[in-house]
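# Structural overview for review
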Amino acid sequence: MSVITGLGVVAPNGIGVKEFWAATLSGRSGIADLDRFDASGYPARLAGLVNGVDPAALLPGRLLPQTDVSTRLAMIAAQSALEDASVDTTAVPDYDMGIVTANASGGFEFTHREFKKLWSLGPEHISVYESFAWFYAVNTGQISIRHGMRGPSTALVADQAGGLDALGHARRIVRSGVPLVLSGGVDSAFDPWGWASHLASGLVSTDPDPTTAYRPFDVRAAGYLPGEGGGICVVEDPAAAHARGAQIYGEIAGYAATFDPAPDSGRPPGLRRAAESALADAGIGPADVDVVFADAAGVPELDRFEAGALREIFGERGVPVTAPKALTGRLLSGGGVLDVVSALMSVQEQVIPPTFATGDVPAGYGIDLVLGEPRPAAVDTALVLARGRWGFNSAIVIRNHRKEN
């Protein structure tokens, strides 16, 4: 068991935990017209965009020329998480701190800008930082260098499921004896090439109305919207956290990951197995779960399958379900971490945020989707689900922490 003592959030609808959580409860959306380039010729033009954050004011100037937008957001979230946890990294032995981040797209904008220089001007014009700024592991590397973290460090790639995998791996590292691990996921891919990559899935909503374009589990669901940003958490050994008098948001009580079988195998996808395995890892049953933060793809076929898996595990309308990511879009590696943040805040404040964009859930889904407004509830345990393209499934159990645990 590991505890979470610090939260750093850089989301389309809020910078920092307080702003993000207030937006999540009030329904303030971060969905907007894509303005990073002229997107008028594309079939979809809405995305969850992080605005109102100035990396130049929050990061050392020397880092700006060598980092992509996703790495800058990751470093800002990491700094915020450490501050939230009251951790002074200069006072902690370097090998007592590790870092695990997830990233699904690498430094898209940075590397495509450098490619353009290569094709139009020649190789002598390419930044030397291209050698690492494009790479999936760069967020882990830059954060570890900045904060002097020399403990076990890892980078994971699992699309939307990656953020939960990072937290699960952080728990494993803490169990091995490392007192503190920074962990989470951040992504951004909104240059023209990145946007074309999003649209290539064929699952992005082309609805031009930001209030209805992404409405998971709705009878009119017609796809999702991509987003950018994510979150970083401070994961600690409980004894170490208690010893330094740290605030504790909650604990990672269980984790599991599965991979879907081949489409023609006749076997079902692995989401239900991931959820049940995470519950078993936490030593609890379905009746112990107070809320599920769903993957909520917004694609009818995928929503129908997820609803079926939840119905099979918990029974007809057996547990409240929510999908606050309708306010941010799907953030690739950052999405699951934001749901973990929301789950922790639900435990702290005893309230379940609603799925604001959704209005009419098909009767056959059989899920108790929280709609309209926040629902006061006794929340002790939350299950967070995430699915990535090409078969990734991950599940994490978040639970209120009691010292006797």
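Report on the accompanying structure. (Residues numbered from 1 in each chain as written. Predicted model: local features only at pLDDT ≥ 70, side-chain atom pairs only at ≥ 80, totals over all residues. Heavy atoms only, no water.)

Our focus in this paragraph is the overall build of the chain. Within the chain one finds twelve helices and 16 strands. In terms of overall dimensions, the chain is globule-like: its C-alpha atoms have a radius of gyration of 20 Å, near the 22 Å expected for 405 residues. Overall, the chain is about 65 × 55 × 45 Å in size when its C-alpha atoms are taken along their principal axes. In the chain, which comprises 405 residues, the share counted as buried stands at 58%. In the chain, the share of contacts with a sequence separation of at least 24, taken over all contacts with a separation of at least 6, comes to 79%. If you sum the accessible surface of the chain, you get close to 15300 Å²; carbon and sulfur atoms cover 53% of it. Measuring between centres, the 31 positive side-chain charges of the chain sit 1 Å from its 45 negative side-chain charges. (Helix = DSSP H or I, 4+ residues; strand = E, 2+ residues; numbered from the N terminus. Rg over C-alpha atoms; globule rule 2.2 N^0.38 Å. Buried < 20%, exposed > 50% of the residue type's maximum accessible area, 1.4 Å probe, protein only. Contact = heavy atoms within 4.5 Å. Areas by Shrake-Rupley, 256 points an atom, 1.4 Å probe, with all protein chains shown as cover. Lys, Arg positive; Asp, Glu negative; His and termini not counted. Charge placed at Lys NZ, Arg CZ, Asp CG, Glu CD.)

Right, let's get into the pattern of salt bridges. One pass over the full model with this rule turns up 17 salt bridges. Here aspartate 281 makes a salt bridge to arginine 171, at a shortest N to O gap of 2.4 Å. With aspartate 281 in helix α10 (residues 271-282) and arginine 171 in helix α7 (residues 162-175), this residue pair connects regions lying 110 residues apart in the sequence. For aspartate 281, a relative accessible area of 33% gives the class partly exposed. A salt bridge links arginine 272 to glutamate 276, with the nearest nitrogen and oxygen atoms 3.0 Å apart. In this pair, arginine 272 and glutamate 276 both sit in helix α10, four residues apart, roughly one turn of the helix. Judged by its relative accessible area of 34%, glutamate 276 is partly exposed. Residues joined in a network through salt bridges with shared partners are Asp295, Glu306, Arg330 and Arg387. (Salt bridge = Lys/Arg side-chain N within 4 Å of Asp/Glu carboxyl O.)

Estimated volume of the largest pocket: approximately 1000 Å³. Lining the largest pocket are 38 residues, with Asp159, Gly388, Arg389, Trp390 and Gly391 positioned closest to its centre. Mapped onto the lining of the largest pocket, the elements with two or more residues apiece are α8 (192-199), α11 (300-314), β15 (381-388) and β16 (392-399). Grouping the constituent residues of the lining of the largest pocket by class yields 21 nonpolar, nine polar and eight charged. (1 Å grid on protein atoms, 1.4 Å probe; cavity = no way out; pocket = protein on both sides within 12 Å on 5 of 7 lines; lining within 4 Å. Points joined across faces, edges and corners; volume = space filled by probe spheres on them. Nonpolar A, V, L, I, M, F, W, Y, C, P; charged D, E, K, R; others polar.)

Okay, empty space enclosed by the protein next. Within the structure shown, the criterion is met by two cavities of 30 Å³ or more. Here the largest cavity is characterised by a volume of approximately 50 Å³. For the largest cavity, the full set of lining residues is Phe20, Thr24, Pro324, Lys325, Thr328, Gly329, Leu331, Gly335, Leu338, Asp339 and Ser342. At the level of secondary structure, the elements contributing two or more residues to the lining of the largest cavity comprise α1 (17-26) and α12 (333-349).

Below, the discussion takes up helix α6 (residues 138-147). Counting buried positions along α6 gives seven out of ten residues, so the element sits mostly inside the fold. When we look at burial in α6, the residues that qualify are Val138, Asn139, Thr140, Gln142, Ile143, Ser144 and His147. In this structure, the buried side of α6 is in contact with α3 (69-84), β5 (97-102), α5 (130-133), β6 (153-156) and β7 (180-187). One or two positions beyond α6, positive phi appears at glycine 148, with a value near 65 degrees.

Taken together, Trp134, Phe135, Tyr136 and Val157 make up a surface patch of nonpolar side chains, about 360 Å² in accessible area. If you trace the backbone, valine 157 turns up in the loop between β6 and α7. (Patch = residues over 30% accessible without salt bridge, like charges linked within 9 Å, V, L, I, M, F, W, Y side chains within 5 Å.)

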